[in-house]
Amino acid sequence: MSVLVVGMSYSSASVSLLERVAVVESERDAFTARLLESSSIREAMLVSTCNRVEVYAEVDAFHPALELITATLAANAELTVEEIAESVYVRYSQAAAEHIFSVSSGLDSLVVGEQQIIGQIRSAYHDAAASGAAGTTLHRLAQRALHVGKRVHTETNIDSAGASMVTVALGKAAGIVGQVGSVDDAGERRPLEGLNAAVIGAGAMGGLAVAHLGRGGVSHIHVLNRTEERAARLAEIARDSGTEATALPMEQLDEAIAAADVVFVCTGAANTVVTLADVHSGLAKREARGEEPRPLVLCDLGLPRDVDPAVAGLPDVAIVDISQLAEDPGARAATRDKAIAREIVATELADYVSGERVAEVGPLISQLRGRGAQVVTAELRRFDSRNSDLDAATRDEVERTVRRVVDKLLHPPTVKFKELAAQPGGDTYADIMRELFDLGSEVKKGSVHE
């Protein structure tokens, strides 16, 4: 299992560095295509989210692949390898599988237990598969990772214990604006009751923001997106859920800011979406209407940043970004649920690694059986040359008998070989079989590292 992971996340790199290294969705295929130009990388998949950038690759040679991936990440960010080296982490083979299983489970997220990463891994894999960058190895890895993530969220309360980034961000926003809120008939707290909001970006995170804002009790949501149809659809979903919402074109961003108490931004754009001029204009519109000054909170979960950091210097304006969320105690799942989730990851990892060991020795077993078939064919030719007077029926019976003998002789060692290969150190048994049956080096050795 020669899978290599090279990446960085909120836990290893600063927000500013992550912003530069992040690869926007439209450039993902081109990025993996550059990696596949190397003979050391056979498959590649890129996961680039608000708080992580990771390359998953099946490699022929560890060091050349590591150097190429690191250099490509640096070049894409217009940085040197030395400038990103200390922030990069590397996982290989079994450790690589354990990493993606933990990521998909929400155990490695900024907000422990958040579920958005499952969809982000699925999207990354689909893109890689569609472009031909992902093959059999990454297919098995990604599908098992998605399975592990779903299982963790089904069998534990990790997602509710560790509230999503959206929930935590909006909770912080409610605290900043000094909103007390109320409790509805079902006993659910509505910390944003009576406030107006704007959501910029109609992707998955934008959809979550609309849902949480609605549950939080906001009076009205303006939804903006570069594709107006998507904004209109999200606004319609909000109205269907009982929250007043209106779609606006991006050209009316300052109007949305003027009306809002809380602005949620996560677009995935490569450049700043909310500028200092936009916020100035929005605040000026408030003043022109004779409105009393009131707090404005911008929740920026974009990577790169969607909001110009200079905005935070304006009076009564605050920014909540992903670097602040890492320090919030509400972003951590309960200890018990995390422990159960880790047990699930460990169990799934052991099963996956065992299956990979068996899959890797498949070509060796096929070669062994092929060698047996070659021997049978050669011996039958020799037999025919010495017994040319045999009738066809007798000759066929001799052939069937010889093939049965060879198959029966090979069956026990191949079955046992699969059993041994599934255990730790299985590559040692592969070496033994290779030597015993003189299978040569044409079948690539397994690369499972314990």
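Predicted model only: the values in this text are computed from it and were never measured.

About the cut-offs
Residues numbered from 1 in each chain as written. Predicted model: local features only at pLDDT ≥ 70, side-chain atom pairs only at ≥ 80, totals over all residues. Heavy atoms only, no water. Helix = DSSP H or I, 4+ residues; strand = E, 2+ residues; numbered from the N terminus. Rg over C-alpha atoms; globule rule 2.2 N^0.38 Å. Buried < 20%, exposed > 50% of the residue type's maximum accessible area, 1.4 Å probe, protein only. Contact = heavy atoms within 4.5 Å. Areas by Shrake-Rupley, 256 points an atom, 1.4 Å probe, with all protein chains shown as cover. Lys, Arg positive; Asp, Glu negative; His and termini not counted. Charge placed at Lys NZ, Arg CZ, Asp CG, Glu CD. Pairing = 2+ DSSP bridges. Right-handed = clockwise from strand over helix to strand, strands pointing away. Axes fitted to C-alpha atoms, helices over the stretch in contact; angles between N-to-C directions. UniProt positions renumbered as here; feature names shortened; annotations may be inferred. Polar contact = N/O pair within 3.5 Å; in protein donor to acceptor, adjacent residues only side chain to side chain. Phe/Tyr/Trp six-rings, centres within 6.5 Å; stacked < 30°, edge-to-face > 60°. Disulfide = S-S within 2.5 Å. pLDDT = per-residue confidence, 0-100. Patch = residues over 30% accessible without salt bridge, like charges linked within 9 Å, V, L, I, M, F, W, Y side chains within 5 Å. Salt bridge = Lys/Arg side-chain N within 4 Å of Asp/Glu carboxyl O.

## Here we look at the overall build of the protein
Along the protein, the regular secondary structure elements total 17 helices and twelve strands. In summary, the protein has a C-alpha radius of gyration of 29 Å against a globular reference of 22 Å for 450 residues, an excess of more than 25%. Each principal axis of the C-alpha atoms in the protein carries an extent, and together these give about 110 × 50 × 40 Å. Out of the 450 residues belonging to the protein, those deemed buried represent 48%. Summarising the internal contacts of the protein: among those between residues at least 6 apart in sequence, 72% fall at separations of at least 24. With the model as given, the accessible surface of the protein reaches about 20600 Å², and the carbon-plus-sulfur share is 51%. Averaged over its 44 positive side-chain charges, the protein has a centre that lies 7 Å from the centre of its 65 negative ones.

## Concerning the pairing of strand E11 (residues 296-300)
Counting buried positions along E11 yields five of five residues, so the element is predominantly enclosed. In E11, alternate side chains face the same way, and those of Leu 296, Leu 298 and Asp 300 on one face and Val 297 and Cys 299 on the other are all buried. The sheet contact formed by strand E10 (residues 262-265) and E11 spans four bridges and is parallel. By the bridge assignment for E11, Val 262 is matched with Val 297. Considered for its hand, the β-α-β crossover made up of E10, helix H13 (residues 276-288) and E11 is right-handed. Bridge count for E11 against strand E12 (residues 317-321) is five bridges, and the pairing is parallel. In the strand pairing of E12, Val 297 is matched with Ala 318.

## Considerations on the sheet that holds E12
In space, the six strands of this open sheet follow the order E9-E8-E7-E10-E11-E12, with parallel pairing throughout. Both edges of this open sheet fall to strand E9 (244-248) and E12, since each of them pairs with a single strand only. When strand polarity is set aside, the average angle formed by the axes of neighbouring strands in this sheet is 20°. Judged from the four bridges that link them, strand E7 (residues 196-200) and E10 form a sheet pairing that is parallel.

## So, the UniProt feature "site: Important for activity" (unreviewed entry) in the protein
Within this numbering scheme, the UniProt entry marks His 99 as carrying the feature "site: Important for activity" (unreviewed entry). Summarising the element assignment, His 99 is placed in helix H5 (residues 94-104). Taking relative accessible area as the criterion, His 99 reaches 9% and is therefore assigned buried. His 99 has contacts with Val 5, Arg 52, Glu 54, Tyr 56, Tyr 89, Arg 91 and Asp 108, leaving out every residue within four places of it along the chain. Separated by 2.6 Å, the side chains of His 99 and Glu 54 make a polar contact.

## Here's the deal with the packing of aromatic side chains
In total, this model carries two aromatic pairs according to the counting rule given. Pairing Phe 62 with Tyr 92 gives two aromatic rings, centres 5.0 Å apart and planes at 75°, and the pair type is edge-to-face. Of this pair, Phe 62 sits in helix H3 (residues 62-76) while Tyr 92 sits in strand E4 (residues 89-92); the two residues are 30 residues apart in sequence, bridging distant segments of the chain. For Phe 62, a relative accessible area of 25% puts it in the partly exposed group. Residues Phe 101 and Tyr 352 carry aromatic rings whose centres are separated by 5.5 Å and whose planes lie at 75° to one another, so their mutual orientation is edge-to-face. Taken together, the residues Phe 101 in helix H5 and Tyr 352 in helix H15 (residues 335-386) connect sequence positions 251 residues apart. In this pair, the class of Phe 101 matches that of Tyr 352, namely buried.

## Notes on the UniProt feature "binding site: substrate" (unreviewed entry) in the protein
Feature annotation in UniProt places "binding site: substrate" (unreviewed entry) on Thr 49, Cys 50, Asn 51, Arg 52, Ser 109, Glu 114, Gln 115, Gln 116 and Gln 120, given in this structure's numbering. Mapped onto the elements, Glu 114 comes out in the loop between H5 and helix H6 (116-130). Among the structural elements, Gln 115 can be located in the loop between H5 and H6. With a relative accessible area of 40%, Gln 115 lands in the partly exposed category. Aside from chain neighbours lying at most four places away, what touches Gln 115 is His 153 and Asp 159.

## Observations concerning the side chain of Ser 105
Positionally, Ser 105 belongs in the loop between H5 and H6. What Ser 105 contacts, discounting residues up to four positions off in sequence, is Gly 113, Val 148, Gly 149, Val 152, His 153, Ile 158 and Val 345.

## Structural notes on the state of the cysteines
Among covalent bonds in proteins, the disulfide is the one between the sulfur atoms of two cysteines. This model, assessed by the stated rule, comprises zero disulfides. Left unpaired, Cys 299 is separated from the closest cysteine sulfur, that of Cys 266, by 11 Å. The class of Cys 299 is buried, set by a relative accessible area of 0%.

## Examining the sheet that holds strand E2 (residues 41-48)
Strand order in the open sheet made by the four strands is E2-E3-E1-E4, with antiparallel pairing throughout. The outermost strands of the open sheet, each flanked by one partner alone, are E2 and E4. Sheet twist, expressed as the mean angle between neighbouring strand axes with direction ignored, is 15°. Bridge count for E2 against strand E3 (residues 52-59) is seven bridges, and the pairing is antiparallel. If you follow Leu 46 over to E3, its bridge partner there is Val 55.

## Focus on the confidence of the model for the protein
As a general rule, the predicted coordinates of low-pLDDT regions are not to be interpreted in detail. Per-residue confidence for the protein gives a mean pLDDT of 87, with 91% of residues at or over 70. Under a pLDDT of 50 for its full length, residues 442-450 has, in the predicted model, 30 contacts with residues more than four places off or in other chains.

## Considerations on a nonpolar patch on the surface
A grouping of Tyr 429, Ile 432, Leu 436 and Phe 437 is seen on the molecular surface, where their side chains present a nonpolar patch of about 370 Å² in accessible area. Relative to the helices and strands, Leu 436 resides in helix H17 (residues 426-436).

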